[in-house]
Amino acid sequence: MKRLNHFSFFCKTLSSTRSPRPHEASLPFAVLHYSASATAAGAASTTGKHMFMAQYLVDSCGFDQKKATEASKLLKGIQSRQQPDSVLAFLKSYGFDDASVKRLVHYFPQCLLLDVEKKLAPKFRAFEDLGFSPSDVVHLVRSNPDTTKVKHERTVPRIEFWQDLLGSKDALVKLFKSNYWFLGYSIKKKIQPNLELLRECGLDGPKLASILRNHPLFVALKADFLKSLISRAEDLGVQRTSGMFHRTLLALSMVSPEKFKMQMELFQSFGWSEDDFVVAFQKCPSFPNGSSATLRRKMEFLINEVGYASSYIAIRPILLIMSLERRLIPRHRILATLKSRGHCESDYKVTAYMMLSEAKFVEEYIILYKDRYPDLSELYASLKHTNASESGLQ
């Protein structure tokens, strides 16, 4: 709140500086309002104002000349730097960096016309009253620039609705820090009908919470698209009563029917049947979301180097969502090293060592053998670093 009080004093200082009065027109031109000369003078004056604001947007907001010229047409009422300077100063005082200011002004040039004390400051104060820090407010406005257009009396209830839906202020902050535009969706026409549809499918409580946690704007999908996802999931044999139904919907929302068919054909080239692919999908709905090239590399590695049969992978599709460079290759090669030294023979056809948490894997396969094989730790770190570097994952 101190931030707003300090800025209020700044605004009063600005407003006390009187703008220079325009030069008074001579009497003949004052009488002949509709003369060609007066019309030409008016056009020249308007053009001058546009040129002034266009240059202002270039100098103060980082616009290129073309964008500045277009935006200046919406700022005809500005004749001096005083008004836009007050807006920019307010935004900067709140923590907006140059990129955020440019983004906001590009989306809504007329924000430079807003009265800081009567329009902007009350909006930002209302957001702080909801418990958001100044940096949170910056992220909120950056991702949802309509907040500077719409009255805060309309915006605040929407923010409160999303906070209740997501379950916490922290979850909401995470959403708009990801630059998601979400306040523009109609709650009555879009969000609530989608929620009702999901609840009709049995997705409530923990399942709905899981969707909102992992893909919060899933509830803002177009109604027809959401219905098509439900139909696709059921056509693939995943029933609404299944504990995997919500995960299936999320996975299908990220893979088109065309890509799904293409991925099926890829795995058929490794000997899977269509039924194999569908059963694998039912167990692990997210595996077809990967790129075809990455999935092919994983299959080739698991078959050719690890020695798994294609049918073995089909019933353990979770292997296909593991990182090839950061998990599959390093862990397999550590295990192969131990086997070459007479250990871990029983793990040859078991995926347990791939499923372990990182800490547990290190404990059971690195630390346990550190006295006999102190080189294992360095080898494992080297494998992870080398593979990460080669795949651009550093």
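The structure contained in this document is the topic of the report that follows.

Cut-offs and rules
- Residues numbered from 1 in each chain as written.
- Predicted model: local features only at pLDDT ≥ 70, side-chain atom pairs only at ≥ 80, totals over all residues.
- Heavy atoms only, no water.
- Helix = DSSP H or I, 4+ residues; strand = E, 2+ residues; numbered from the N terminus.
- Buried < 20%, exposed > 50% of the residue type's maximum accessible area, 1.4 Å probe, protein only.
- Contact = heavy atoms within 4.5 Å.
- Axes fitted to C-alpha atoms, helices over the stretch in contact; angles between N-to-C directions.
- Parallel < 35°, antiparallel > 145°, perpendicular 65-115°, else oblique.
- Left-handed = near helix turned anticlockwise from the far one by under 90°.
- Nonpolar A, V, L, I, M, F, W, Y, C, P; charged D, E, K, R; others polar.
- 1 Å grid on protein atoms, 1.4 Å probe; cavity = no way out; pocket = protein on both sides within 12 Å on 5 of 7 lines; lining within 4 Å.
- Points joined across faces, edges and corners; volume = space filled by probe spheres on them.
- Polar contact = N/O pair within 3.5 Å; in protein donor to acceptor, adjacent residues only side chain to side chain.
- Arc of directions from axis to C-beta.
- Salt bridge = Lys/Arg side-chain N within 4 Å of Asp/Glu carboxyl O.
- Core = buried A, V, L, I, M, F, W, Y, C linked by side-chain atoms within 4.5 Å.

### Examining the overall build of the protein chain
(1) Moving on: A tally of regular secondary structure across the protein chain gives 22 helices and 0 strands.
(2) Moving on: Burial statistics for the protein chain: of 394 residues in total, 40% are counted as buried.
(3) Moving on: Partitioning the contacts of the protein chain with sequence separation of at least 6, the portion at a separation of at least 24 is 70%.

### Brief notes about the packing of helix α15 (residues 257–268) against helix α16 (residues 274–283)
(1) Moving on: Where α15 contacts α16, the two axes come as close as 9 Å, and the packing angle between them is 120 degrees. The pairing of α15 with α16 is recorded here as oblique in orientation. Note that α15 runs across α16; the crossing there is right-handed. Across from Phe260, Gln263, Met264, Phe267 and Gln268 in α15, the residues of α16 making contact are Glu274, Phe277, Val278 and Phe281.
(2) Moving on: When its residues are assigned to classes, the contact of α15 with α16 shows 6 nonpolar, 2 polar and 1 charged.

### Looking at the layout of surface pockets
(1) Moving on: In this structure, the largest pocket occupies an estimated 250 Å³ of space.
(2) Moving on: Lining the largest pocket are Leu165, Leu166, Ala171, Lys174, Leu175, Ser178, Tyr180, Ala209, Leu212, Arg213, Asn214 and Pro216.
(3) Moving on: Counting residues per element, the ones that place at least two in the lining of the largest pocket are α9 (152–166), α10 (169–177) and α12 (206–214).
(4) Moving on: Looking at which element gives the most residues to the lining of the largest pocket, the answer is α12, with 4 residues.
(5) Moving on: Among the residues forming the lining of the largest pocket, the class breakdown is 8 nonpolar, 2 polar and 2 charged.

### Focus on the side chain of asparagine 194
(1) Moving on: Mapped onto the secondary structure, asparagine 194 falls in helix α11 (residues 187–200).
(2) Moving on: Taking relative accessible area as the criterion, asparagine 194 reaches 3% and is therefore assigned buried.
(3) Moving on: A polar side-chain atom of asparagine 194 sits 2.8 Å from the main-chain carbonyl oxygen of leucine 221.
(4) Moving on: When sequence neighbours within four positions are dropped, the list of residues in contact with asparagine 194 reads Val219, Ala220, Leu221, Ala223 and Leu226.

### A word on α10
(1) Moving on: Restricting attention to buried positions, one finds in α10 the residues Leu172, Val173, Leu175 and Phe176. For α10, the arc enclosing every buried residue in end-on projection is 155 degrees, short of the 170-degree limit, so these residues lie on one face. More than 90 degrees from the buried face of α10, the exposed residues found are Asp170 and Lys174.
(2) Moving on: In this fold, the buried residues of α10 make contact with α8 (134–143) and α9.
(3) Moving on: Phi turns positive, to about 65 degrees, at asparagine 179, one or two residues after α10.

### Considering the pattern of salt bridges
(1) Moving on: The full count for this structure, using the stated rule, is 13 salt bridges.
(2) Moving on: With a closest N to O distance of 3.4 Å, arginine 81 and aspartate 85 form a salt bridge.
(3) Moving on: Relative accessible area serves as the criterion here: at 39%, arginine 81 is assigned to the partly exposed category.
(4) Moving on: Across the pair aspartate 136 and lysine 177 runs a salt bridge whose closest N-O atoms are separated by 3.8 Å. Taken together, the positions of aspartate 136 in helix α8 and lysine 177 in helix α10 put the pair 41 residues apart, joining distant regions of the chain.

### Some details on helix α14 (residues 245–252)
(1) Moving on: Of all 8 residues in α14, 7 are buried, a share of seventy percent or more.
(2) Moving on: Buried within α14 we find Phe245, His246, Thr248, Leu249, Leu250, Ala251 and Leu252.

### Considerations on the nonpolar core
(1) Moving on: Leu112, Trp162 and Trp272 are the most contacted members of the largest nonpolar core, which totals 112 residues.
(2) Moving on: Here this core gets 6 residues from one element, more than from any other, and that element is helix α19 (residues 324–340).
(3) Moving on: When near neighbours in sequence (up to four residues on either side) are disregarded, tryptophan 272 contacts Phe267, Phe277, Ala280, Phe287, Met299, Ser310, Ile313, Ala314 and Leu320.

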